[in-house]
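# Report on the structure
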Amino acid sequence: MMTFETDMEAGVIEFTVDGEVTRAEYDAATEAMDAVIARHGKLRGLAVVRDFAGMELAAWWKDISWGTSHLGKIARVAVVTDIAWIATATRTTSWMVPGEHRVFALEALEAARDWVRGG
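On to the sheet that holds strand β1 (residues 2-7), then. The sheet built from 5 strands is open, its strands ordered β1-β2-β3-β4-β5 with mixed pairing. Each end of this open sheet is capped by a strand with a single partner; those strands are β1 and β5 (100-104). The average angle at which neighbouring strand axes cross in this sheet is 15°, direction not considered. Note that strand β4 (residues 74-81) and β5 share 5 bridges and pair parallel. Across the sheet, residue Ala78 finds its bridge partner in β5, namely Arg102.

What follows concerns a nonpolar patch on the surface. A cluster of nonpolar side chains, contributed by Leu57, Trp60, Trp61 and Ile64, occupies part of the molecular surface with about 460 Å² of accessible area. If you trace the backbone, Leu57 turns up in helix α2 (residues 57-69).

Let us now look at the pattern of salt bridges. Taken as a whole, this structure holds 7 salt bridges when the rule is applied. As a salt-bridge pair, Glu9 and Arg39 come within 2.9 Å of each other at their nearest N and O atoms. One end of the pair, Glu9, is in the loop between β1 and β2 (12-21); the other, Arg39, is in helix α1 (residues 23-40), with 30 residues separating them in the sequence. By relative accessible area, Glu9 is classed as exposed at 59%. Here Arg23 ties to Asp27 by a salt bridge, and the two come within 2.7 Å at their closest N and O atoms. Of this pair, Arg23 and Asp27 both sit in helix α1, separated by 4 residues, roughly a single helical turn. For Arg23, a relative accessible area of 29% corresponds to the partly exposed category.

Counting residues in hydrophobic clusters, the biggest one holds 19 residues, and the most contacted among them are Met2, Ile13, Phe15, Tyr26, Met33, Leu43 and Trp66. Among the secondary structure elements, those contributing two or more residues to this core are β2, α1, β3 (43-55), α2 and β4. Sorting elements by how many residues they give to this core places α1 first, with 6 residues. Not counting the four nearest positions on each side in its chain, Phe15 is found in contact with Met2, Thr3, Phe4, Ala29, Met33, Leu46, Ala47 and Val48. Counting residues in each nonpolar core, the second largest holds 10 residues, with Val12, Ala78, Leu109 and Val116 among its members.

Residue placement: Leu46 occurs in strand β3. In sequence terms Leu46 and Ser69 are 23 residues apart; their C-alpha atoms lie 19 Å from each other. In contact with Leu46, other than residues within four places in its own chain, are Ile13, Glu14, Phe15, Ala78, Val80, Leu109, Ala112, Arg113 and Val116.

Conventions adopted
Residues numbered from 1 in each chain as written. Predicted model: local features only at pLDDT ≥ 70, side-chain atom pairs only at ≥ 80, totals over all residues. Heavy atoms only, no water. Pairing = 2+ DSSP bridges. Helix = DSSP H or I, 4+ residues; strand = E, 2+ residues; numbered from the N terminus. Axes fitted to C-alpha atoms, helices over the stretch in contact; angles between N-to-C directions. Patch = residues over 30% accessible without salt bridge, like charges linked within 9 Å, V, L, I, M, F, W, Y side chains within 5 Å. Areas by Shrake-Rupley, 256 points an atom, 1.4 Å probe, with all protein chains shown as cover. Salt bridge = Lys/Arg side-chain N within 4 Å of Asp/Glu carboxyl O. Buried < 20%, exposed > 50% of the residue type's maximum accessible area, 1.4 Å probe, protein only. Core = buried A, V, L, I, M, F, W, Y, C linked by side-chain atoms within 4.5 Å. Contact = heavy atoms within 4.5 Å.

Keep in mind these values describe shape, not function.
Next up, the structure:
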């Protein structure tokens with residue numbers, strides 16, 4: 001399951017992943033991300049990954065197509081997780097995506113929120 005909250009004033013979307021991500025959840029998230037980008041020009045995102053049981057194939061494909069078509073629209077991304085392979089994958093691949101990226105442990109969630117907002 002993936003949920004999200006949007007702070008339109010700050011241009012920040014905070015996602016929480018706890019299980020499998022469905023296409024419907026991802027579609028709702030992309031609509032919100034597009035709205036933030038339309039208003040602010042760029043997106044600041046925070047992903048809290050508590051548990052990740054994969055993505056529906058259609059959600060995975062949407063993630064790839066949305067991501068590649070919005071490469072220059074990401075300002076900052078904070079990934080907050082205690083799942084080692086997700087932290088490692090984020091650090092390893094962040095150079096491929098424009099914008100700033102940082103990984104935080106779950107215990108540092110408030111620091112991640114501050115950082116993604118520009119603190």
